[in-house]
Amino acid sequence: MTSLGAESSDLLHHLLLDRAIKVVIVVVALGILALGMTVIWRRAGRAKKRLG
């Protein structure tokens, strides 16, 4: 049988790993969002120059 301390340590490790994965997902999503906004901003600027 595992002791209560070992189970607690395993649970803490699992929770920290889960949090780290979620943080990485959010950072990657924000990077993709920023890249998309930059591309849209540049294309909108070019279209405005052609019309003007």
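Reading the values: the criteria
- Residues numbered from 1 in each chain as written.
- Predicted model: local features only at pLDDT ≥ 70, side-chain atom pairs only at ≥ 80, totals over all residues.
- Heavy atoms only, no water.
- Helix = DSSP H or I, 4+ residues; strand = E, 2+ residues; numbered from the N terminus.
- Buried < 20%, exposed > 50% of the residue type's maximum accessible area, 1.4 Å probe, protein only.
- Areas by Shrake-Rupley, 256 points an atom, 1.4 Å probe, with all protein chains shown as cover.
- Patch = residues over 30% accessible without salt bridge, like charges linked within 9 Å, V, L, I, M, F, W, Y side chains within 5 Å.
- Salt bridge = Lys/Arg side-chain N within 4 Å of Asp/Glu carboxyl O.

Before we go on, may I ask you to explain the overall build of the chain in this structure?
On a plain count of helices and strands, the chain comes out with one helix and zero strands. Counting across all 52 residues of the chain, residues that qualify as buried make up 0%. Total accessible area on the chain is roughly 5,200 Å²; 71% of this is exposed by carbon and sulfur atoms.

Please explain a nonpolar patch on the surface as it appears in this structure.
Together, Val26, Leu30, Leu33 and Met37 line one region of the surface with nonpolar side chains, adding up to about 410 Å² of accessible area. In this fold, Val26 is placed in helix H1 (residues 4-51).

What is the right way to read the pattern of salt bridges from this model?
For side chains of opposite charge, pairing can occur when their charged atoms come near one another. In total, this model carries one salt bridge according to the counting rule given. Residue Lys22 pairs with Asp18 through a salt bridge whose shortest N-O separation is 3.2 Å. Here Asp18 and Lys22 lie together in helix H1, a separation of four residues that amounts to about one turn. Of the residues examined, Lys22 reaches a relative accessible area of 48% and is grouped as partly exposed.

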